[in-house]
Amino acid sequence: MPISEDHAGRTYPATAPYEVSRAKIAEFAAALGDADNPAYAGDAPIAPPTFAVVLASAAWDAMFADPELELSLSRTVHADQRFDWRRPLRAGDEVTATLGIAKVRVRGAMAIITIAVELANASGEVLCTATSTLVHTATEEAA
């Protein structure tokens, strides 16, 4: 059965812990063209806000691997992204990402899927919720 409104509320296991390191923060800041920002360097750097996508996208694997949903990344467009921060990611944080399907709307061969990925540290403190809207097109057989 392809993805449907009935799948809203489904959650997947947390990813393996990811250690946010100074090196990864510096690498990401450089990729953004913001390597000179003092917030991303020094003894206590924080990660750029969009660094959260590195962790959140790792949680997508479980959803795309769920055979019941019949999703394919090659037929998916990432339409919207929002980050709701409680505190910045810091060097030394060990973070897991847990994905939940918040909402599904099916319109013909197209599904509009809203997912929320909670990023939490080792003590369970939620640091950020990354909410994405995905547009998925079914195969001709499934449509």
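Note that this is a predicted model, so its numbers are computed, not measured.

**A short note on the overall build of the protein**
From N to C terminus, the protein includes two helices and five strands. Listing every helix and strand of the protein by position from the N terminus yields β-α-α-β-β-β-β. Taking the principal axes of the C-alpha coordinates as reference, the protein spans close to 55 × 30 × 20 Å. A buried classification covers 36% of the 143 residues belonging to the protein. Intrachain contacts of the protein at a sequence separation of at least 6 include 66% that bridge at least 24 residues. For the protein, the separation between the mean place of its 11 positive charges and that of its 19 negative charges on side chains is 5 Å.

**A word on the pattern of salt bridges**
One pass over the full model with this rule turns up six salt bridges. Two residues, R10 and D66, come together in a salt bridge whose shortest N-O distance is 2.7 Å. Pair noted here: R10 is in the segment before β1 (18-19) and D66 is in the loop between α2 (52-65) and β2 (76-85), with a separation of 56 residues, a long-range link. Judged by relative accessible area, which is 25%, R10 ranks as partly exposed. What emerges from the salt-bridge pattern is a single network uniting R10, D66 and E68.

**Overview of α2**
Side chains three or four residues apart in an α-helix point the same way, a direct result of the helix having 3.6 residues per turn. Residues A52, L55, A56, A59, W60, M63 and F64 constitute the buried set of α2. In the core, the buried residues of α2 are packed alongside β1, β2, β3 (94-107), β4 (110-121) and β5 (126-137).

**A few points about the pairing of β4**
Summarising burial for β4: nine of the twelve residues are buried, a large majority. Relative to β4, β3 runs antiparallel, the two sharing twelve bridges. Residue pairing in the sheet places V95 in a bridge with N121 of β4. Where β3 hands over to β4, the hairpin turn is made up of two residues, of which G108 adopts a positive phi near 65 degrees. Across eleven bridges, the pairing between β4 and β5 is antiparallel.

**Some words on helix α1 (residues 22-32)**
Within the sequence span of α1, burial applies to I25, F28 and A29. The arc enclosing the buried residues of α1, seen along the axis, measures out at 100 degrees, which places them on a common side. Away from its buried face, by an angle of more than 90 degrees, α1 presents the exposed residues A23 and A31. The secondary structure elements touched by the buried residues of α1 are α2. The first or second residue beyond α1 is G33, which carries a positive phi of 80 degrees.

**Section: the sheet that holds β2**
Strand order in the open sheet formed by five strands is β1-β3-β4-β5-β2, with antiparallel pairing between adjacent strands. Bordering the open sheet on either side are β1 and β2, each of which pairs with just one other strand. Running at roughly 125 degrees to β4, α2 makes contact with β1, β2, β3, β4 and β5 of the sheet.

**So, the nonpolar core**
Ranked by internal contacts, the top residues of the largest apolar core, which has 33 residues, are M63, L99, I101, I113, I115, V117 and L119. Ignoring sequence-local partners within four residues, the contact set of I115 consists of W60, M63, L99, G100, I101, A102, A130, T131, S132 and L134.

Calculation rules
Residues numbered from 1 in each chain as written. Predicted model: local features only at pLDDT ≥ 70, side-chain atom pairs only at ≥ 80, totals over all residues. Heavy atoms only, no water. Helix = DSSP H or I, 4+ residues; strand = E, 2+ residues; numbered from the N terminus. Buried < 20%, exposed > 50% of the residue type's maximum accessible area, 1.4 Å probe, protein only. Contact = heavy atoms within 4.5 Å. Lys, Arg positive; Asp, Glu negative; His and termini not counted. Charge placed at Lys NZ, Arg CZ, Asp CG, Glu CD. Salt bridge = Lys/Arg side-chain N within 4 Å of Asp/Glu carboxyl O. Pairing = 2+ DSSP bridges. Arc of directions from axis to C-beta. Axes fitted to C-alpha atoms, helices over the stretch in contact; angles between N-to-C directions. Core = buried A, V, L, I, M, F, W, Y, C linked by side-chain atoms within 4.5 Å.

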